[in-house]
Amino acid sequence: MNWMTITWPMVAAACLTLGLIELSIGLWQRPRAPRLLFALSAFTVACIAGLELALMQTDVLAEWWLATRLLDAAVGILLVSLTAFIWRYFGTGQKWLALAIPCIYAIGLSFDFFPGTPPGVGMTYQAFIGFRTVETFGGATFNVAEGVPNPWNVFPYLAVLAQIVFVADASLRLRRLDGGRRAVRVGGAVVLFLLGGGLQAALVDLDILKTPYMISWAYLAVLIAMSIELNADVLAGARLARQLQDRERHMDLASAAADLGMWTWDIGHDTIWATRHARELFGFSESEHINRARFLGSLHPEDREAVDQALEDALATGGGYEVEYRVLLRGGKIRWMAAHGQIERDGSGKPIVLRGVVLDISARRSSELELQQLRSELAHANRVSMMGQFASALAHELSQPLGAILRNTEAAELFLEHDPPDIEEVRAILADIRQDERRASGVIDRLRALLKRRSFVRSALSVSDELATVMALARGDTAIRKVALVIDDAPNLPLVMGDPVHLQQVLLNLILNAMDAVEDAPAARRKVTVRARPNSEGAIEVAVEDSGPGIAPERLGRLFEPFFTTKAKGMGIGLSISRTIIEAHGGRIWAENNADEGATFRFTLPQAGVARSS
Ligand code: ADP
């Protein structure tokens, strides 16, 4: 054993080590090609180092010839892998030059494999002479072969030259593109290797230099350059990881300050990642594994289906996911959440991730609820106040059927006193009584509905039917106040979506206001007309038109404000409630002065079955 048998394996080991590192990175991380190609070149050089060692130790022609041919082939693989590596790593270079390199080398290599030529006669020698033992420092010896140089041996060197030009050109191009250190370092190292390794081999081939081949040693320049690159990559990666951690902490802080939780659903693996704050909002522990089923399970049972459907819709359309739901916490506590998310797709358009945020909206929800309650109480108060005005009208309405019932009962008693009693007449009278009773209870039912405090119940309804009901309720009032109330509704109006009692309240408000407005006019001109028509936007427009004094222009903008009134006994909430009700129905309400006299209050209601547009 001498220093040569130690150092050559060390070079091979270095090549193998870096080759393995690059191979493992290349297998896991994109872009793969440059790393895998470099690993191939490093493994090839490790083989070359072994072959160089074999060549310097043998003086048996057959062994030497086998190792020489393997070495020549390995150099070919090295040239190809290095060229391809530079091409992919730099992303630039002359393609024709890259293709020329293996072609030129292959011509030279073919001499090694000509059939029928004696051992030792190939690319390097046209005639083999023998071996010579050379002593070097430290008393170490090695063998060199001697032969008559083959003039065609110029091809491998031409290939090396072509590669030097290719690498230098690619490096210059890359430098021009991004001015990077990569071009100088890696390109320079490869050129150095090619120059050094090529020159040394040429001098050995020409018998000028009495040393073993040292191609593997020259490759150390490339190894060092690539190690520095790798080191820089690792450092940059560590810096990036630190920055990322910093950003994540900032994001965590910012999102927690804004009460936002962030989450990402990996659709393929069905796992949900969530920030600490998001986990807290849902009552998940920090280590708990969350998937779609676990998430849905944390919701209020009534909301699960809707949220599941929203997820399905987002997956199907690839669009946004926006939903509000209740989370059921331990102890039965409920938390209202608003979630907003967006699907992300892979290159083929397949949804891979749904990423989003959640916000605790419990406070907003409870104030909304309070407001709703307040409104409903106000609406109720308004209805009760209207009832005062109706009391007398109702007495009038009811007295008619009740009087008729009384008269009919008296008549029936008379018929029963006949001998024999006139049963047929009594039966007819009883039918009349039943009808009168129905009329009376109809009036009472409508009143009860109006007085009852109840929440919004939507259904498809006919504006004409509601107008008829309101007309019946207002009939008494119109008679007492001597106002002509005219209903002018277009036939076959499309249905609207709404709550009948709330809509009746709006109509009554407007009609009573209109009747108030015409009160001071001479009896002949006290007229209120209610019209209902489809408008150009496809909605139903109802107009309550009066012949009163109209509205002063400076008041027009304030009519719908709560507690705005010009009446001595007014509450000023009728119009404000009417607006709340109409807007809750997806409609609009406004007032305008008529061209001749009086004012018109109009509101619109969307047709049933037509989507609301805001
Ligand atoms: P209130 O009737 O209790 O005053 P409303 O909110 O119903 O409360 O009406 C607010 C105000 O709008 C009324 O006081 C009145 O000045 C005005 N107003 C309402 N309807 C008419 C109308 N048809 N013509 C003129 N002014 C009206």
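Residues numbered from 1 in each chain as written. Predicted model: local features only at pLDDT ≥ 70, side-chain atom pairs only at ≥ 80, totals over all residues. Heavy atoms only, no water.

For the chain, the name recorded in an unreviewed UniProt entry is histidine kinase, with Candidatus Accumulibacter proximus as its organism. The record held by UniProt for the chain lists under Catalytic activity (unreviewed entry) the comment "ATP + protein L-histidine = ADP + protein N-phospho-L-histidine." (UniProt positions renumbered as here; feature names shortened; annotations may be inferred.)

Moving on, we get to the environment of Leu220. Mapped onto the fold, Leu220 is located in helix H8 (residues 220-257). As for Leu220 and Val11, which are separated by 209 residues in sequence, their C-alpha atoms are 7.6 Å apart. (Helix = DSSP H or I, 4+ residues; strand = E, 2+ residues; numbered from the N terminus.)

So, about the sheet that holds strand E6 (residues 334-345). Strands pair in a sheet through their backbones, by hydrogen bonds, and they do so in one of two ways: parallel or antiparallel. The antiparallel open sheet is built from five strands, whose spatial order is E4-E3-E7-E6-E5. The strands lining the two open edges of the sheet, one partner per strand, are strand E4 (271-274) and strand E5 (320-328). Going across the sheet, the axis of each strand differs from the next one's by a mean of 25°, ignoring polarity. With nine bridges joining them, E6 and strand E7 (residues 351-360) adopt antiparallel strand pairing. Paired with Gln342 across the strands is Arg355, a residue of E7. (Pairing = 2+ DSSP bridges. Axes fitted to C-alpha atoms, helices over the stretch in contact; angles between N-to-C directions.)

Time to look at the sheet that holds strand E12 (residues 540-546). The five strands lie next to each other as E9-E11-E12-E14-E13, forming an open sheet whose pairing is mixed. Two strands bound the open sheet, and with one partner strand each, they are strand E9 (484-489) and strand E13 (589-593). Averaged over all neighbouring strand pairs, the angle between strand axes comes to 15°, with direction disregarded. One ladder, built from five bridges, connects E13 with strand E14 (residues 599-605); its direction is antiparallel.

Here we take up the UniProt feature "transmembrane region" (unreviewed entry) in the chain. According to UniProt, the "transmembrane region" (unreviewed entry) feature falls on residues 6-25, 37-58, 70-89, 96-114, 154-172 and 184-204. Taken end to end, residues 37-58 comprises 95% helix and 0% strand; its first and last C-alpha atoms sit 32 Å apart. Between the end C-alpha atoms of residues 154-172 the distance is 27 Å, and the span holds 100% helix and 0% strand.

On to the site of the ligand. Residues in close proximity to the ligand total 18 residues, the closest being Asp546, Thr565, Thr566, Lys567 and Leu575. In the environment of the ligand, a nitrogen atom lies 2.8 Å from a nitrogen or oxygen atom belonging to the side chain of Asp546. Within the side chain of Thr565, one N or O atom sits 2.6 Å away from an oxygen atom of the ligand. Mapped onto the shell around the ligand, the elements with two or more residues apiece are helix H15 (500-518) and helix H17 (574-584). With three residues, H15 is the largest single contributor of residues to the shell around the ligand. Here the shell around the ligand is composed, by residue class, of nine nonpolar, seven polar and two charged. (Near = heavy atom within 4 Å. Polar contact = N/O pair within 3.5 Å; in protein donor to acceptor, adjacent residues only side chain to side chain. Nonpolar A, V, L, I, M, F, W, Y, C, P; charged D, E, K, R; others polar.)

We now examine the packing of aromatic side chains. Under the definition given, this model contains 21 aromatic pairs. Judged by centre distance (5.0 Å) and plane angle (20°), the ring pair of Phe85 and Tyr89 falls under stacked. Within this pair, Phe85 and its partner Tyr89 are both found in helix H3 (residues 61-90), separated by four residues, close to a single helical turn. For Phe85, a relative accessible area of 0% translates into the label buried. Geometrically, the ring pair formed by Trp152 and Phe155 is stacked, given 6.0 Å between the ring centres and 15° between the ring planes. (Phe/Tyr/Trp six-rings, centres within 6.5 Å; stacked < 30°, edge-to-face > 60°. Buried < 20%, exposed > 50% of the residue type's maximum accessible area, 1.4 Å probe, protein only.)

So, about the pattern of salt bridges. When their charged atoms lie close together, side chains carrying opposite charge are able to pair. In total, this model carries 30 salt bridges according to the counting rule given. One salt bridge connects Arg355 with Glu344, and the closest N-O pair in it is separated by 2.7 Å. Within this pair, whereas Arg355 is found in strand E7, its partner Glu344 is found in strand E6, the two being separated by 11 residues in sequence. Assessed through its relative accessible area of 40%, Arg355 is described here as partly exposed. Overall, the relative accessible area of 32% leaves Glu344 in the partly exposed class. In this structure, Lys567 and Asp516 form a salt bridge, with 3.0 Å as the shortest nitrogen-oxygen distance. (Salt bridge = Lys/Arg side-chain N within 4 Å of Asp/Glu carboxyl O.)

This part is about the packing of H3 against helix H6 (residues 181-205). Closest axis-to-axis distance for the H3/H6 pair is 12 Å, and the angle between their directions is 165°. On the basis of the axis angle, H3 is roughly antiparallel to H6. Along this stretch, H3 crosses H6, giving a crossing that reads as left-handed. Every residue of H6 that contacts H3 at Leu78, Leu79, Leu82, Phe85, Ile86, Tyr89 and Phe90 is listed here: Arg182, Ala183, Val186, Gly187, Val190, Phe193 and Leu194. Here the contact of H3 with H6 is composed, by residue class, of 12 nonpolar, one polar and one charged. (Parallel < 35°, antiparallel > 145°, perpendicular 65-115°, else oblique. Left-handed = near helix turned anticlockwise from the far one by under 90°. Contact = heavy atoms within 4.5 Å.)

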